[in-house]
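Observations on the three-dimensional arrangement
Each chain is listed here by its residues.
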Amino acid sequence: MLVKRIFVEHQVATHPQTGRILRALDKAPVVYIDKVEDVFERARKPYLQKRGDLNLFIGRKEGQLVKPAPDAYGLSGDPHYYFIHAYNCIYECEYCYLQGYFKSPDLVLYVNHDEIAAEIRETVRRHADRPSVWFHAGEFSDTLALSHITDEWGTYWELFATLPNARLELRTKSVNLKAIIDRPPLENIIVTFSLSPAAQAKRYDRKTPSLEARLRAIAKLADRGFRLGIHFDPIIYEDGFEAQYRALVQEVLQAVPDAQIEYISLGVVRFTRDVYQEFVRNYPGSGLLAGEFVKSFDNKIRYNRPQRLYMLNTVQQLCRDAGIGAEKIYLCMENETV
Ligand code: SF4
């Protein structure tokens, strides 16, 4: 990873995680600042500058550290929350929502995990009567891509080992398992991988590990006894869509036994208006633009409703035909009638 400059908040300058990151990226000049917000996003920086002009910020996350997750975020019936360990991503998926979300592609890494952990513990305490409370990481950045440098997940391993009714999802497209592979697998920590058919992953998931590599990583974690989840998201329509997903479901089941799959989520490609405009600007030749998109029930830009229904039903049926229980499958960020 080529980082041009590293900005470090004074208040975390002596934090051990800051030290680890600076040692790993010791070629980049370091500038000390008061607040990440004083520099990050202060001027609009084109998204594609991430390819050669990337800055990195290290800071303390402030404000509400654990937030309720949007509806239809995970398996229904349980409370769902998310927390932020970082902003932005080293990968470059063409459909990525980050390209219209922040005014800058620069990476921000937060190091105050003890404070996030305390807020998770307090949230779990408020739900002591519930069998499961979910916490999702990876809403604004991949959870494993830089974890060999940041090494934050140990804090969460210790925390969740003591919170049997809490569940943690680490969402990723990375195969960088170094920071987690030797940790004891916990029933309540679920590593989830976003997968697309190989040809689509190659075309649209720029700079990410191939489908084959992700499946190998899944198999490795499964062998070690980890609980795993799969996101077929975003599902993109193209000729041969059904055959591609039939093959993909089989490949997943070869990598991980059904019993170790916690859930499978299905989501059709979607964009907010801002993200769509950025996507068209950044990738004018993208094959994704061949799709016919409309504004849908929540103002997001999607395929029309019959097409979404067809796509979701098809992939759902393929999963069920392969023996995956209906209770493990949920539709991500869709209303009930799609
Ligand atoms: S891995 Fe996720 S966060 Fe990273 S570029 Fe792809 S879609 Fe965006």
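Rules used in this analysis
Residues numbered from 1 in each chain as written. Predicted model: local features only at pLDDT ≥ 70, side-chain atom pairs only at ≥ 80, totals over all residues. Helix = DSSP H or I, 4+ residues; strand = E, 2+ residues; numbered from the N terminus. Rg over C-alpha atoms; globule rule 2.2 N^0.38 Å. Buried ≥ 20, exposed ≤ 12 C-beta atoms within 10 Å, placed from the backbone. Near = placed C-beta within 6 Å. Nonpolar A, V, L, I, M, F, W, Y, C, P; charged D, E, K, R; others polar. Pairing = 2+ DSSP bridges. Axes fitted to C-alpha atoms, helices over the stretch in contact; angles between N-to-C directions. Contact = placed C-beta atoms within 7 Å. Parallel < 35°, antiparallel > 145°, perpendicular 65-115°, else oblique. Left-handed = near helix turned anticlockwise from the far one by under 90°. Core = buried A, V, L, I, M, F, W, Y, C linked by C-beta atoms within 7 Å.

Examining the overall build of the chain
Scanning the chain for helices and strands turns up ten helices and 17 strands. In summary, the chain has a C-alpha radius of gyration of 20 Å against a globular reference of 20 Å for 338 residues, a match within 12%. Across the 338 residues in the chain, those meeting the buried criterion constitute 42%.

Quick word on the environment of D114
Along the chain, D114 falls in helix α3 (residues 113-126). Taking the C-alpha atoms as reference, D114 lies 25 Å from G74; in sequence the two are 40 residues apart.

Observations concerning the site of the ligand
Taken together, C89, Y91, E92, C93, C96, L98, D142, K173 and T208 make up the full set of residues near the ligand. Across the shell around the ligand, the residue classes tally to five nonpolar, one polar and three charged.

Quick notes on the sheet that holds strand β11 (residues 189-194)
Here eight strands make up an open sheet; going across it, the order is β4-β5-β9-β10-β11-β13-β14-β17 and the pairing mixed. Because the sheet does not close on itself, it has two edges, and the strands there are β4 (66-68) and β17 (329-331). Shown here is a sheet whose adjacent strand axes are inclined to one another by a mean of 25°, direction ignored. Those strands touched by helix α5 (residues 153-161) are β10 (166-172) and β11, and its axis lies near 155° from that of β10.

Points about the packing of α3 against α5
One can describe the packing of α3 onto α5 by two numbers: an axis separation of 10 Å at closest approach and a directional angle of 25°. If you check the angle between α3 and α5, you find them roughly parallel. Of the two elements, α3 crosses α5, and the hand of that crossing is right-handed. Between α3 and α5, the contacting residues are H113, D114, A117, I120 and R121 on the first element and T155, Y156 and L159 on the second.

Looking at the environment of Y156
Structurally, Y156 can be placed in helix α5. According to the C-beta neighbour criterion, Y156 is buried, with 25 such atoms within 10 Å. Taking the C-alpha atoms as reference points, Y156 and D114, 42 residues apart in sequence, are found 9.0 Å from one another. Among residues more than four places away in sequence, those in contact with Y156 are A117 and L168.

Considerations on the nonpolar core
Core analysis: the largest hydrophobic core is formed by 86 residues, its most contacted members being F57, V108, L109, L168 and I264. If we ignore the near neighbours within four places in the chain, the residues touching L109 are I21, L56, F57, I58, A86 and T150.

Focus: the sheet that holds strand β8 (residues 107-110)
A sheet is described by the order of its strands in space; here five strands give the open sequence β2-β1-β3-β8-β6, paired in mixed fashion. One side of each edge strand has no neighbouring strand; the edge strands of this open sheet are β2 (30-33) and β6 (86-87). Sheet topology places strand β1 (residues 5-9) next to β2; four bridges connect them, and they run parallel. Residue pairing in the sheet places F7 in a bridge with V31 of β2.

What about the environment of Q307?
You can see Q307 is positioned in helix α10 (residues 305-321). Here the alpha-carbon distance between Q307 and G138, two residues 169 residues apart in the chain, equals 28 Å.

Observations regarding unusual backbone geometry
For residues besides glycine, phi is generally negative; the peptide bonds are generally trans as well. Following D233, the chain continues to P234 via a peptide bond in cis, the omega torsion being 5°. Along the chain, P234 turns up in strand β13 (residues 227-235). Positive phi, close to 75°, is recorded for N88, a residue that is not glycine. Locating N88 in the fold gives a position in the loop between β6 and β7 (92-93). Even without being glycine, K207 reaches a positive phi, approximately 70°.

Observations regarding the pairing of strand β14 (residues 261-268)
Every regular strand shows the same layout, with side chains that alternate between the two sheet faces. Of all eight residues making up β14, seven are buried, and the element is well covered by its neighbours. With six bridges connecting them, β13 and β14 associate as parallel partners. Considered in β14, the bridge of F232 is made with L266. Alignment of β14 against β17, held across three bridges, turns out to be parallel. Across the sheet, residue L266 finds its bridge partner in β17, namely L331.

Some thoughts on the pairing of β10
Burial of β10 is extensive: seven of the seven residues sit out of reach of the surface. Neither face of β10 is open: one carries A166, L168, L170 and T172, the other R167, E169 and R171, and all of them are buried. Two elements, strand β9 (residues 133-137) and β10, share five bridges in a ladder whose sense is parallel. Its bridge partner lying in β10, W134 is registered against R167.

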